[in-house]
Amino acid sequence: GNYRLFSHVTATFKILATGSIDPTIRIDTFRLENYLQPMDKFRLALEILFAGYVLVCLLLEAARMVYAPEIGFSVANVAVYFAKWSRYLDLARLALFVWFLSSWLHICTHELNVDLELPLPANKSIDFDPLIKLYQMHTIMGCLSIVVCMLSFFKYVHYSPKYGILIRTITFAARDLLQYICLFVIIWCTFAIMGMLMFGAALKEWSTFRSAAHTMISMLTAEYGLAPLIQVNRRAAVMFYILFLVIVYFVLVNVLLA
């Protein structure tokens, strides 16, 4: 249920360099005292099993790094271990698992989780920001762990006749794809800065570099059109929109597909 579930609301008004005001409201939801209800005990047991699994994987990975059946324990095995790209994925996955568990342990042992008394006194102010940042970091580590686990899955389908073709093709084209990504990022940042300078003072979605980059994604998917830009500066809007479509959509995207 929603037992000991809190929401922290933050309202900020930011005066941007372009002259506009960017109001934002952020709502962070978090739970305190996570192991009070019966179902929470079952979740605690699963978390302990997961921690044990991570510990066993760390020991096995450390042994695999310095031990080979042919020659036994040797420092020379380290170079052989890192010769395979899949080893880096394994280490990244374990590092994220350890970070994920350590952040959760930090949350559970935080003073607000241990010593908070309810109801809160009317004349007492409590700073929840450190705990909220811990929850946010914990969530990010969990999401990254899922992504790395997904990438690790391709290690096991590498020898499949059908899926292996995809993996070998991406591996063979990795250097060219990296060069293409660098070029794409440079052009994308250039258009984001152009849009921020031309339309940032009038349109909120172009007021910062980050929001401008996000708006360009909407332009690329045809969710954001030319009409809002024309209201600010017709000539600049038409020039910017046509250049973006020609260079990014018709050239870069089609080069990637080709």
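Right, let's walk through the structure included here. (Residues numbered from 1 in each chain as written. Predicted model: local features only at pLDDT ≥ 70, side-chain atom pairs only at ≥ 80, totals over all residues. Heavy atoms only, no water.)

Each helix and strand in the protein chain was counted, giving 10 helices and 4 strands. Ordering the α and β elements of the protein chain from the N terminus gives β-β-α-β-β-α-α-α-α-α-α-α-α-α. The burial tally for the protein chain puts 30% of its 258 residues in the buried class. When the accessible surface of the protein chain is summed, it comes to about 17,400 Å², and 70% of that surface belongs to carbon and sulfur atoms. (Helix = DSSP H or I, 4+ residues; strand = E, 2+ residues; numbered from the N terminus. Buried < 20%, exposed > 50% of the residue type's maximum accessible area, 1.4 Å probe, protein only. Areas by Shrake-Rupley, 256 points an atom, 1.4 Å probe, with all protein chains shown as cover.)

The next point concerns the nonpolar core. Within the largest apolar cluster, 20 residues are counted, with the highest numbers of intra-cluster contacts made by W206, M216, M219 and L229. Residue assignment for this core shows that the elements contributing at least two residues are helix 7 (174-199), helix 8 (209-220) and helix 10 (234-257). If sequence neighbours within four positions are ignored, M219 has contacts with W206, Y224, F240, Y241 and F244. (Core = buried A, V, L, I, M, F, W, Y, C linked by side-chain atoms within 4.5 Å. Contact = heavy atoms within 4.5 Å.)

Looking now at the packing of helix 1 (residues 38-66) against helix 3 (residues 85-108). Helix 3 packs onto helix 1 with a crossing angle of 145° between their chain directions and a minimal axis gap of 10 Å. When the axes of helix 1 and helix 3 are compared, the crossing they make is left-handed. Contacts between helix 1 and helix 3 involve R43, E47, F50, A51, Y53, V54, C57, L58, E61, R64 and M65 on the former and, on the latter, R87, D90, L91, L94, F97, V98, F100, L101 and W104. (Axes fitted to C-alpha atoms, helices over the stretch in contact; angles between N-to-C directions. Left-handed = near helix turned anticlockwise from the far one by under 90°.)

What follows covers the pattern of salt bridges. Enumeration according to the criterion identifies 3 salt bridges in this entry. Across the salt bridge formed by E47 and R43, the nearest N and O atoms sit 3.1 Å from each other. Placement of both E47 and R43 in helix 1 is noted, with a separation of 4 residues, approximately one turn of the helix. For R43, a relative accessible area of 27% gives the class partly exposed. The salt bridge involving E61 is made with R64; its shortest N-O contact spans 3.7 Å. Here E61 pairs with R64, and both are found in helix 1, just 3 residues apart, close to one helical turn. (Salt bridge = Lys/Arg side-chain N within 4 Å of Asp/Glu carboxyl O.)

Right, let's talk about the side chain of R87 for a bit. Structurally, R87 can be placed in helix 3. The side chain of R87 sits in the buried core without any salt bridge; D90 is the nearest counter-charge, 4.3 Å away. Those residues within four positions of R87 in sequence are excluded, and the remaining contacts are R64 and Y81. (Lys, Arg positive; Asp, Glu negative; His and termini not counted.)

On the surface, V238, I242, V246, Y249, F250, V251 and V255 cluster together into a nonpolar patch covering about 590 Å² of accessible area. Overall, I242 belongs to the partly exposed group, its relative accessible area being 48%. (Patch = residues over 30% accessible without salt bridge, like charges linked within 9 Å, V, L, I, M, F, W, Y side chains within 5 Å.)

In this section: unusual backbone geometry. The phi angle at A222 is positive, at roughly 65°, despite the residue not being glycine. Tracing the backbone through its elements, the reader meets A222 in the loop between helix 8 and helix 9 (227-230).

Once that is clear, we can look at helix 1. End to end, helix 1 covers 44 Å across 29 residues, agreeing with the expected 42 Å (1.5 Å per residue, within 8%). Packed against the buried residues of helix 1 are strand 3 (67-68), helix 2 (77-81) and helix 3. (Expected span 1.5 Å × (residues − 1).)

Moving on to helix 5 (residues 129-156). Between its first and last C-alpha atoms helix 5 spans 41 Å; for 28 residues at 1.5 Å apiece the expected length is 40 Å, and the two agree. All buried positions along helix 5 are accounted for by L131, I132, L134, Y135, H138, M141, G142, S145, V148, S152 and K155.

This brings us to the packing of helix 7 against helix 8. One way to put it is that helix 7 packs onto helix 8 with a least axis distance of 9 Å and a crossing angle of 110°. The orientation of helix 7 with respect to helix 8, classified from their angle, is roughly perpendicular. Contacts between helix 7 and helix 8 pair W188, C189, F191, A192, I193 and M196 from the former with F209, A212, A213, M216, I217 and L220 from the latter. (Parallel < 35°, antiparallel > 145°, perpendicular 65-115°, else oblique.)

Turning our attention to the side chain of E61. For E61, a relative accessible area of 6% puts it in the buried group. E61 has contacts with Y81, D90, L91 and L94, leaving out every residue within four places of it along the chain.

A full pass over the atoms with the stated rule returns 13 aromatic pairs. Considering the side-chain rings of W104 and Y135, the 6.5 Å spacing of their centres and the 80° angle between planes classify their relative orientation as edge-to-face. Taken together, the positions of W104 in helix 3 and Y135 in helix 5 put the pair 31 residues apart, joining distant regions of the chain. Taken individually, W104 and Y135 each receive the classification buried, so the pair is uniform in this respect. Measuring from ring centre to ring centre gives 5.5 Å for W206 and F240, while their planes differ by 90°; the resulting arrangement is edge-to-face. Of this pair, W206 sits in the loop between helix 7 and helix 8 while F240 sits in helix 10, placing them 34 residues apart in sequence. Each of the two residues, W206 as well as F240, counts as buried. Members of the aromatic cluster, connected to one another through ring pairs, are Y180, F184, W188, F191, F199, W206, Y224, F240 and F244. (Phe/Tyr/Trp six-rings, centres within 6.5 Å; stacked < 30°, edge-to-face > 60°.)

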